[in-house]
Amino acid sequence: MIITKSRAEIEKMYRAGQLVAQVLKFLCEMVKPGVTTRELDTCAEKLIRDSGAIPTFKGYRGYPYSICTSVNEQVVHGFPSERILKEGEIISIDCGATLGGYVGDSAVTIPVGSISKEAQDLINVTKNSLYCAIEKMRVGNRLYDVSYAVQSYVEPLGYTVVRDFCGHGIGTAMHEEPQVPNYGKPGKGPRLREGWVLAIEPMVNVGSHEVRIEKDGWTVTTLDKKLSAHFEHTIAILAEGPWILTSLAT
Ligand code: MF3
Ligand code: CO
């Protein structure tokens, strides 16, 4: 069942989303050569708890940290660790916070220092694909119009879309129905309704779409070890169009 949210509930989700956006902004400013991914996690947890919120990821199905840090060929769900970030790497930081009972979930991929054109192009394409999807989040469109928007933007540019992980409905739980794949047939799936809130999260690879899960049981890595990027926003479908709850208000 897909849970429709009232305006008041969406306002609460906006508060959770804004906290996630603020935390991600802070973490992005910390990222530079020499910083460990554990430092990012420690800082995220403190910022979230000091705001009266709960780091949603920590303890979720046994996940041990407050954020996911996925570097280079790591796609999603990478563990923060003593790994020292190096110039030229790219890092996806994925953050979730529960505030007032509602969850915000967002991710960005950013450079560590100066990076190759190949890496920067991948980041740009992945970010653009998220905004292509968000543009389709309008009442009356179909769910897989959103999915197809990612695939039909990414694949002609020579990149691939990860198929084994999806976006998702979100509310009082981080994962609600429906699942939102980043590929699919336009004109198919349920019609989008006012009051749905979805987390859209394209994962885009330079090489093959195939991924594997590492021995830690969580870290998702490209099979061919080529680069992958990931962006995510939590978005509400309003009568007037999509509202990106995890975009920082200026
Ligand atoms: N944004 C991811 C998701 O929606 C993050 C979950 S990490 C987890 O699935 F550890 F909490 F599962
Ligand atoms: Co998510």
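All figures in this text were calculated on a predicted structure; none of them were measured in a lab.

Rules used throughout
- Residues numbered from 1 in each chain as written.
- Chains lettered and ligands numbered in written order.
- Predicted model: local features only at pLDDT ≥ 70, side-chain atom pairs only at ≥ 80, totals over all residues.
- Heavy atoms only, no water.
- Core = buried A, V, L, I, M, F, W, Y, C linked by side-chain atoms within 4.5 Å.
- Buried < 20%, exposed > 50% of the residue type's maximum accessible area, 1.4 Å probe, protein only.
- Helix = DSSP H or I, 4+ residues; strand = E, 2+ residues; numbered from the N terminus.
- Contact = heavy atoms within 4.5 Å.
- Expected span 1.5 Å × (residues − 1).
- Salt bridge = Lys/Arg side-chain N within 4 Å of Asp/Glu carboxyl O.

1. Structural notes on the nonpolar core
Among the nonpolar cores identified, the biggest contains 51 residues, and Leu27, Val31, Leu40, Ile91, Ile93 and Ile200 are the most heavily contacted of them. Among the elements that make up this core, the one with the highest residue count is helix H3 (residues 117-135) (7 residues). Leave out the neighbours within four places in its chain, and leucine 27 touches Leu40, Cys43, Ala44, Ile67 and Ile93. By size, the runner-up hydrophobic cluster in this structure holds 17 residues, among which are Ile10, Met13, Tyr63 and Ile170.

2. Re helix H4 (residues 143-154)
Within the span of H4, buried status applies to Leu143, Asp145, Val146, Ser147, Ala149, Val150, Gln151 and Val154. The elements touched by buried residues of H4 are H3, strand E6 (160-161), strand E8 (176-180), strand E9 (197-200) and strand E10 (203-205).

3. Some details on helix H2 (residues 37-50)
Relative to the 20 Å expected for 14 residues at 1.5 Å per residue, H2 spans 20 Å between its end C-alpha atoms, a close match to the ideal helical length. Taken residue by residue, H2 has Thr37, Leu40, Asp41, Cys43, Ala44, Glu45 and Ile48 as its buried positions. Those residues of H2 that are buried are in contact with helix H1 (7-30), strand E1 (54-55), strand E2 (67-71) and strand E4 (90-99). After H2 finishes, the residue glycine 52 shows a positive phi value of roughly 80°.

4. As for the pattern of salt bridges
Going through the model one piece at a time under the given rule, you end up with 13 salt bridges. Lysine 58 is paired through a salt bridge with glutamate 45; the nearest N and O atoms lie 2.8 Å apart. One end of the pair, lysine 58, is in the loop between E1 and E2; the other, glutamate 45, is in helix H2, with 13 residues separating them in the sequence. As a salt-bridge pair, glutamate 135 and arginine 138 come within 3.3 Å of each other at their nearest N and O atoms. Taking the relative accessible area as the measure of exposure, glutamate 135 reaches 45% and is therefore partly exposed. Taken together, the salt bridges that share partners define one network made up of Glu45, Arg49 and Lys58.

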